[in-house]
Amino acid sequence: HEDINLNEVLAQTITFLENEARYRGIEIRTDFEKGLPFVASDPAQLQQVFLNILNNALAAVPDTGRVEVKTSQASPETLAISFSDNGCGMSDETMKHIFEPFFTTKEGKGTGLGLSTSYSIVKSHQGDIRVTSAPGRGTCFRVLLPLAPAVQARPGAKPGKGEHRRAGGDILVVDDEVHIQALLREALEMHGYTVATCGSGEEALALLKKRA
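Overview of the structure.

About the criteria used
- Residues numbered from 1 in each chain as written.
- Predicted model: local features only at pLDDT ≥ 70, side-chain atom pairs only at ≥ 80, totals over all residues.
- Heavy atoms only, no water.
- Helix = DSSP H or I, 4+ residues; strand = E, 2+ residues; numbered from the N terminus.
- Buried < 20%, exposed > 50% of the residue type's maximum accessible area, 1.4 Å probe, protein only.
- Areas by Shrake-Rupley, 256 points an atom, 1.4 Å probe, with all protein chains shown as cover.
- Salt bridge = Lys/Arg side-chain N within 4 Å of Asp/Glu carboxyl O.
- Contact = heavy atoms within 4.5 Å.
- Polar contact = N/O pair within 3.5 Å; in protein donor to acceptor, adjacent residues only side chain to side chain.
- Phe/Tyr/Trp six-rings, centres within 6.5 Å; stacked < 30°, edge-to-face > 60°.
- Pairing = 2+ DSSP bridges.
- Axes fitted to C-alpha atoms, helices over the stretch in contact; angles between N-to-C directions.

## Topic: the overall build of the chain
At step 1: The helix and strand inventory of the chain stands at seven helices and nine strands.
At step 2: For the chain, the residues scored as buried account for 39% of the 212 residues in total.
At step 3: Split by element, the accessible area of the chain, about 11900 Å² in all, is 50% carbon and sulfur.

Structure (structure tokens):
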């Protein structure tokens, strides 16, 4: 991990999505608090979290919609990043499952691993990720991250009461695209699974027969 300027990582991440937003007439507003302390992280991991949340926001808002990204110091030890949109919103039932692996509301699109992976990354930083939403009233994701000294002081922090704990077990991933296999493997291993991959149904059957 290295000391990261949160505002800089967010600004860079937003540039990746500007063309799509501009094409659809969606406004991405930013309200970054100046002079925020650093957080300790791998910038690529944080960028993955922010991309996943922003992609969900863009998928939820209509053309000419709005997404707002705000940073602030929530406490002496914690920074907060909020992603608010004026999209379709979610029901209470959907919010119960939103961070589960393979759960998706986008039929036929995506793997359902984006928010699950984001949750695992944020928890590995001893942070938290929360969501508030209502059908037709938009959604707000709020990511909380400890300042760099707090992360360094708690390298072995364990999940607290009420937090999700890592799962376990064996999973076989079957996909004919190697990069999709790698993506699924990485996300599932973050949740504590042992993962094997292959590229076809025939290979999957052969692997299963060997293990039988």
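Still more ground to cover, so stick around.
## A word on the pattern of salt bridges
At step 1: The tally for this structure, following the rule as stated, stands at eight salt bridges.
At step 2: E20 serves as the salt-bridge partner of R24, at 3.8 Å between the closest nitrogen and oxygen. Of this pair, R24 and E20 are both found in helix α1 (residues 6-24), four residues apart, which corresponds to roughly one turn of the helix.
At step 3: You can call R24 buried: its relative accessible area is 18%.
At step 4: With relative accessibility at 36%, the residue E20 sits in the partly exposed group.

## Overview of the environment of Q47
At step 1: Topologically, Q47 is positioned in helix α2 (residues 43-60).
At step 2: A sequence separation of 35 residues divides Q47 from Q12, and the C-alpha atoms of the two residues are 8.5 Å apart.
At step 3: Excluding residues that lie within four positions of it along the chain, Q47 makes contacts with V9, Q12, T13 and F16.
At step 4: A distance of 3.1 Å separates a polar atom in the side chain of Q47 from a polar atom in the side chain of Q12.

## Considerations on the side chain of N52
At step 1: You can see N52 is positioned in helix α2.
At step 2: On the basis of relative accessibility, which here comes to 17%, the residue N52 falls in the buried class.
At step 3: Filtering out sequence-adjacent residues up to four positions away, N52 remains in contact with G114 and S118.

## Observations concerning the packing of aromatic side chains
At step 1: Counted under the stated rule, the structure contains three aromatic pairs.
At step 2: Where F50 meets F83, the ring centres are 5.8 Å apart and the plane angle is 40°; that geometry is what we call tilted. Remark: F83 occurs in strand β5 (residues 78-85) and F50 occurs in helix α2; sequence separation between them is 33 residues.
At step 3: Relative accessible area serves as the criterion here: at 0%, F50 is assigned to the buried category.
At step 4: Residue F83 is classed as buried on the basis of its relative accessible area of 2%.
At step 5: Judged by centre distance (6.3 Å) and plane angle (75°), the ring pair of F99 and F141 falls under edge-to-face. Placement of the pair is F99 in the loop between α3 (92-97) and α4 (114-124) and F141 in strand β7 (residues 139-146), with a sequence separation of 42 residues.
At step 6: Three or more aromatic residues joined by ring pairs make a cluster, and in this case those are F99, Y119 and F141.

## Overview of the sheet that holds strand β6 (residues 128-133)
At step 1: With mixed pairing, five strands are arranged side by side in an open sheet as β2-β4-β5-β7-β6. Each edge of the open sheet is held by one strand with a lone partner, namely β2 (27-32) and β6. Sheet twist, expressed as the average angle between the axes of neighbouring strands with direction ignored, equals 15°.
At step 2: Its contacts with the sheet put α1 on β2, β4 (66-75), β5 and β7, and the angle it makes with β2 is roughly 170°.

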